[in-house]
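# Topology and contacts: notes
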Amino acid sequence: MHGLEPQTIESMNMLRAKQTPFVIALNKVDRLYGWSEAKDRPFIEAIEEQDDGVKREFESRASAILLSIAEQGLNAQLYYRNKDPREYISLVPTSAHTGEGVADILMNLVGMTQKMFVDRIMWTPMVQCTVLEVKVIEGLGATADVILANGTLKRGDRIVMCGFGGPVVTRV
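Residues numbered from 1 in each chain as written. Predicted model: local features only at pLDDT ≥ 70, side-chain atom pairs only at ≥ 80, totals over all residues. Heavy atoms only, no water.

Tallying secondary structure elements over the protein gives four helices and seven strands in all. Start at the N end of the protein and walk to the C end: the helices and strands fall as α-β-α-α-β-β-α-β-β-β-β. C-alpha extents for the protein along the principal axes are approximately 50 × 40 × 30 Å. The buried share among the 172 residues of the protein stands at 27%. (Helix = DSSP H or I, 4+ residues; strand = E, 2+ residues; numbered from the N terminus. Buried < 20%, exposed > 50% of the residue type's maximum accessible area, 1.4 Å probe, protein only.)

Right, dumping it as structure tokens:
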């Protein structure tokens, strides 16, 4: 979380030119001095567990980034304070390293898509989904976390996923 990078400004300008809604990830919150890791937790929960000094540093850096975005002619707000996502770009603090805020950015993207593109989204019965993670859970075996975009999955359905060694075929 050290300010706007030139590629971020370039991306914002391209998205704005195409009138494409977007959110901005404030990555590397785990690098704030004194940050206590809250692995894979929502940012709101993670920041509540931090010392007051870390919270002040976050607020200071977030304010500086908000100012930098305003200098680019855009309105922005931290996602949990954003009352009007159509008017203000949501900033989502994240850590790609420890996972804080990742669920928040996914929630914001899915929510924005559902609200802003409701007239352009089309449901089809053909299953389409994105695999987020495959892991082994004791008692269940190999499990997959997915975002289901279309269709319905039922117990016994056969699915195919891409694996490092080729296609993986399994049943739900």
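Turning our attention to the packing of aromatic side chains. In this structure the tally under the stated criterion is four aromatic pairs. Note on Phe 43 and Tyr 80: the rings are 6.1 Å apart at their centroids and 25 degrees apart in plane angle, and the pair reads as stacked. Here Phe 43 is found in helix 2 (residues 43-48), whereas its partner Tyr 80 is found in the loop between strand 2 (76-78) and strand 3 (89-93), with 37 residues between them in sequence. Taken together through their ring pairs, the aromatic side chains of Trp 35, Phe 43, Phe 58, Tyr 79 and Tyr 80 make up a single cluster. (Phe/Tyr/Trp six-rings, centres within 6.5 Å; stacked < 30°, edge-to-face > 60°.)

A few words now on the side chain of Asn 108. Relative to the elements of secondary structure, Asn 108 occurs in helix 4 (residues 102-116). For Asn 108, the side chain forms a polar contact with the main-chain oxygen of Asp 104, separated by 2.8 Å. Sequence-distant contacts of Asn 108, that is, excluding residues within four places in its chain, are made with Val 23, Tyr 79, Ser 90 and Val 92. (Polar contact = N/O pair within 3.5 Å; in protein donor to acceptor, adjacent residues only side chain to side chain. Contact = heavy atoms within 4.5 Å.)

As a further point, take the nonpolar core. In this structure, Ile 24, Trp 35, Phe 43, Phe 58, Ile 69 and Leu 91 are the most contacted members of the largest nonpolar core, which totals 27 residues. Taken together, the elements giving at least two residues each to this core come down to strand 1 (23-26), helix 2, helix 3 (52-71), strand 2, strand 3 and helix 4. With five residues, helix 3 is the single largest residue contributor to this core. Leave out the neighbours within four places in its chain, and Leu 91 touches Ile 24, Leu 26, Ile 65, Leu 66, Ile 69, Ala 76, Gln 77, Leu 78 and Tyr 79. (Core = buried A, V, L, I, M, F, W, Y, C linked by side-chain atoms within 4.5 Å.)

All right, on to the sheet that holds strand 3 then. Spatially, three strands are ordered 1-3-2 in an open sheet, and the strand pairing comes out parallel. Edge positions in the sheet fall to strand 1 and strand 2, since each has one partner strand and no second. Neighbour-to-neighbour, the strand axes of the sheet open up by a mean angle of 30 degrees, direction not taken into account. For strand 1 and strand 3, the ladder comprises four bridges, and the chain directions are parallel. When the sheet's bridge partners are listed, Leu 26 is paired in strand 3 with Pro 93. Running at roughly 165 degrees to strand 2, helix 3 makes contact with strand 1, strand 2 and strand 3 of the sheet. (Pairing = 2+ DSSP bridges. Axes fitted to C-alpha atoms, helices over the stretch in contact; angles between N-to-C directions.)

With respect to the element layout, Arg 16 can be found in helix 1 (residues 6-17). Assessed through its relative accessible area of 34%, Arg 16 is described here as partly exposed. With residues near it in sequence (within four places) discarded, Arg 16 still touches Gln 72, Gly 73 and Leu 74. Within the structure, Arg 16 has its side chain in polar contact with the backbone oxygen of Gln 72 (distance 3.0 Å).

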